[in-house]
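# Observations on the model geometry
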Amino acid sequence: MFNSIKIKLVVLFIAVFSFFFAGLEIFLYYELEDLVVSLADERLKSEVETLANMIIVEEVQHTELSAELSELASASTGVYAEKLSGHYYQIVAPDGKIIVRSPSLSKADAALPVVPGSQTPDYRTVTGPDNAPLRIVTRIYVFAGGAMTFQAGDSLTDTYRLLSSFRNVVLALFPVAFVLCGVGVFIVTGFALKPLKDFSSKIGEVTEENLNERIEEKGLARELKPLAGDFNTMLGRLEESFSRQKRFLSNASHELRTPTTIIKSFCDVTLNRERTAEYYREAIARIKESVDRMCEIIDRTLVISRLDTREAQFKHEKMDLMDVMKNVIRIIEPSAERKSISISLSGGPAVVKADREGLIQVFTNIVENAIKYNVEDGRIDIGITESNGMAKVRMEDTGIGIPAGEIDRIFDRFYRVDAARNVTVGSGLGLSIVRSIVEAHGGRVEVESEPGKGSVFTVCLPLNTEQRNGHH
Ligand code: ADP
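Everything numeric here is computed off the predicted structure, so don't read it as measured data. Within each chain, residues carry numbers counting from 1 in the order of the written sequence. In keeping with the predicted nature of the model, local features appear solely for residues at pLDDT of at least 70, side-chain atom pairs appear and are counted solely at 80 or more, and the whole-chain, interface and lining totals rest on all residues. Each side-chain value is derived from all of the structure's non-hydrogen atoms; neither hydrogens nor water enter the calculation.

## Focus: the pattern of salt bridges
Applied cut-off: What makes a salt bridge here is a side-chain nitrogen of Lys or Arg within 4 Å of a carboxyl oxygen of Asp or Glu, nothing more. Each helix corresponds to a stretch of at least 4 residues labelled H or I by DSSP, and each strand to a stretch of at least 2 residues labelled E; elements are numbered beginning at the N terminus. Throughout, exposure labels follow a simple rule: accessible area from a 1.4 Å probe, protein chains only, divided by the maximum for the residue type, with under 20% read as buried, over 50% as exposed, and the rest as partly exposed.
The full count for this structure, using the stated rule, is 19 salt bridges. With a closest N to O distance of 3.6 Å, Glu278 and Arg281 form a salt bridge. Within this pair, Glu278 and its partner Arg281 are both found in helix α7 (residues 277-308), separated by three residues, close to a single helical turn. The salt bridge partner of Glu450 is Lys453, with a shortest N-O separation of 3.5 Å. When its relative accessible area of 44% is taken as the criterion, Glu450 is described as partly exposed.

## Brief notes about a nonpolar patch on the surface
The condition that has to hold: Patch membership requires more than 30% relative accessible area and the absence of a salt bridge. Residues of like charge join within 9 Å; the nonpolar side chains Val, Leu, Ile, Met, Phe, Trp and Tyr join within 5 Å. Calculation of accessible area relied on Shrake-Rupley with a 1.4 Å probe; when residues are assessed, cover is drawn exclusively from the protein chains displayed.
A surface patch of nonpolar side chains, amounting to about 510 Å² of accessible area, comprises Ile5, Leu9, Leu12, Val16, Leu196 and Leu227. Looking at the secondary structure, you find Ile5 in helix α1 (residues 5-60).

## Some remarks on the side chain of Asp320
This is how it is decided: Positive charge is attributed to Lys and Arg, negative charge to Asp and Glu, and no charge count is given to His or to the chain ends. Definition of a polar contact: a pair of N or O atoms within 3.5 Å, with one able to donate and the other able to accept a hydrogen when the atoms are protein atoms, and with sequence-neighbouring residues admitted only if both atoms are side-chain atoms. Here, two residues are considered to be in contact whenever any of their heavy atoms come within 4.5 Å of each other.
Here Asp320 shows up in strand β6 (residues 317-320). Nearest to the buried, unbridged Asp320 among oppositely charged side chains is Lys326, at 6.8 Å. Polar side-chain contacts of Asp320 include one of 3.0 Å to the backbone nitrogen of Met322. Beyond its immediate stretch of four places on either side in the chain, Asp320 contacts Pro349, Ala350 and Val351.

## Some points on the layout of surface pockets
We count it as follows: Lining residues are defined by having an atom within 4 Å of a point belonging to a cavity or pocket. Those points lie on a 1 Å grid over the protein atoms alone, cavities being sets where a 1.4 Å probe fits but cannot get out and pockets being open sets with protein on both sides within 12 Å along at least five of seven lines. Grid points are joined across faces, edges and corners, and a volume is the space filled by probe spheres set on the points. Polarity classes work like this: nonpolar for Ala, Val, Leu, Ile, Met, Phe, Trp, Tyr, Cys and Pro, charged for Asp, Glu, Lys and Arg, and polar for all others, with Gly in that last group. Note: domain ranges come from an automatic or database domain assignment.
Of the pockets and cavities examined, the largest pocket occupies roughly 900 Å³. If you trace the largest pocket, you find 42 residues lining it, with Lys372, Tyr373, Arg416, Val425 and Gly426 closest to the centre. Listed by contribution, the elements that provide at least two residues to the lining of the largest pocket are α6 (225-271), α7, α9 (356-372), α10 (418-423), α11 (430-440) and β12 (454-462). Among the elements that make up the lining of the largest pocket, the one with the highest residue count is α7 (nine residues). Broken down by class, the residue content of the lining of the largest pocket amounts to 19 nonpolar, 12 polar and 11 charged. Of the domains in this structure, domain 2 (225-308) and domain 3 (316-471) are the two that each give at least three residues to the lining of the largest pocket. The computed volume of the second largest pocket comes to approximately 740 Å³.

## Overview of the domain arrangement of the protein
Size of an interface, as often reported, equals the accessible area lost when the parts are brought together. The condition is simple: Buried area: the sum, over both parts, of the accessible surface (1.4 Å probe) that disappears when the two are put together.
One can read the domain layout of the protein as domain 1 (5-162), domain 2 (225-308) and domain 3 (316-471). Regarding the contact of domain 2 and domain 3, the summed buried area is about 1,200 Å², with carbon and sulfur atoms giving 62% of it. Counting the surface domain 2 buries against domain 3, the share from its top three residues, Arg300, Ile304 and Leu307, is 40%. On inspection of domain 2 and its partner domain 3, the count reaches one salt bridge. In this structure, the salt-bridge partner of Asp308 is Arg413, at a minimum N-O distance of 2.8 Å. At the surface where domain 2 touches domain 3, the tally comes to two residue pairs in polar contact (both at pLDDT 80 or more). For the side of domain 2 that touches domain 3, the secondary structure elements donating two or more residues are α6 and α7. The leading source of residues in the side of domain 2 that touches domain 3 is α7, at nine residues. Of the residues contributing to the side of domain 2 that touches domain 3, the split by class is six nonpolar, two polar and six charged.

Here is the structure:
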């Protein structure tokens, strides 16, 4: 379930959102608390200033201070007159005696907690006379008659009630916002992922029959375009390999058809009446030729299919191409002699790491062609050299050559140059096997040819580097 992009996005969003929202709420809560407390402080400060100013004014007029103070205590009205209204003041003499109390205090015979003050206002939160949280300010004023401590206090009950209702509203809103946002993100990601869904359903429509179709890149989301591009490239490759397989199959059946037809007609003709023993022998010999041909085609087809599916397991062992070539020439000599073709081998040792059977197949195929497509009394010159880290085996014949336009195609499966078809039997698979094996060894095959003069096939294979290092 957590492998879904949608769920991941929702979870990610909710995590970020909760973090941000919780942070914001905590910040706002403390900001709000600061604000209301500082408003209270501001009010308290002006309260003590007002009280002190009244006394300063009285002092200037030389009136009795104590009389003035008692007047102050009784004159207060409004919130200060109510018993424990939550708004208080008191004035304390230097000896700690409370000289004046706001009526709200004196009626309840309560007092504000006396805290040591100074000439700068001191604000603090304490427990008030009604056991409620109380914000008080304490400040000392110095008069001619001595220093006196002025205190004013406001209950914080209302402030705290406000803050707690703010907190409750937020706590109630939080889950709602949480759920709403979660649902919102779920829906939005659903929309956002829709192109991907469409895309995947388009991919689902691809079958063997419509491999030639491509996914339209126009109108796709920008993020999906490279995906569509890659997918189309893959389709192209699949299409190509599919049609190659089809071509291969149809070519193979076509090639097998000729010998089959020959066998069938020989059988029909031979069986339609009594024949001499000589005739039967002759017929069976002809049939065997065709069967041999079929065997060759089938064998080579098997080799190709094994090379294609990489089932062919190449052993990589060190070997000297000179030895391999001598081996090949030994195998092939009889058929060269039959056509009076002379083979020469020159050059030095060249060590590669390769599959012996594979290389024998490569060189046999090429040299066999050099005999097949050669003229009577022709020549084949083989030279082995090393250059640029590559071993080069050059096989030159004096045969019929290959027209320039065909050179690129002779490595194709079942491809045979038209002129060659009449000249001699073959499957057209030999060179495609050669190329597959050589490329599987990291090498390449080069061809030069001049019709009527001859051809040169050069096989290049990487030299065995281990052996080189051993030399130094
Ligand atoms: P094939 O079984 O026909 O020889 P190959 O794949 O070995 O099949 O070769 C493909 C074609 O290349 C041959 O049919 C022939 O026309 C041409 N070819 C190959 N080698 C030579 C050569 N040495 N000289 C002339 N033509 C050649």
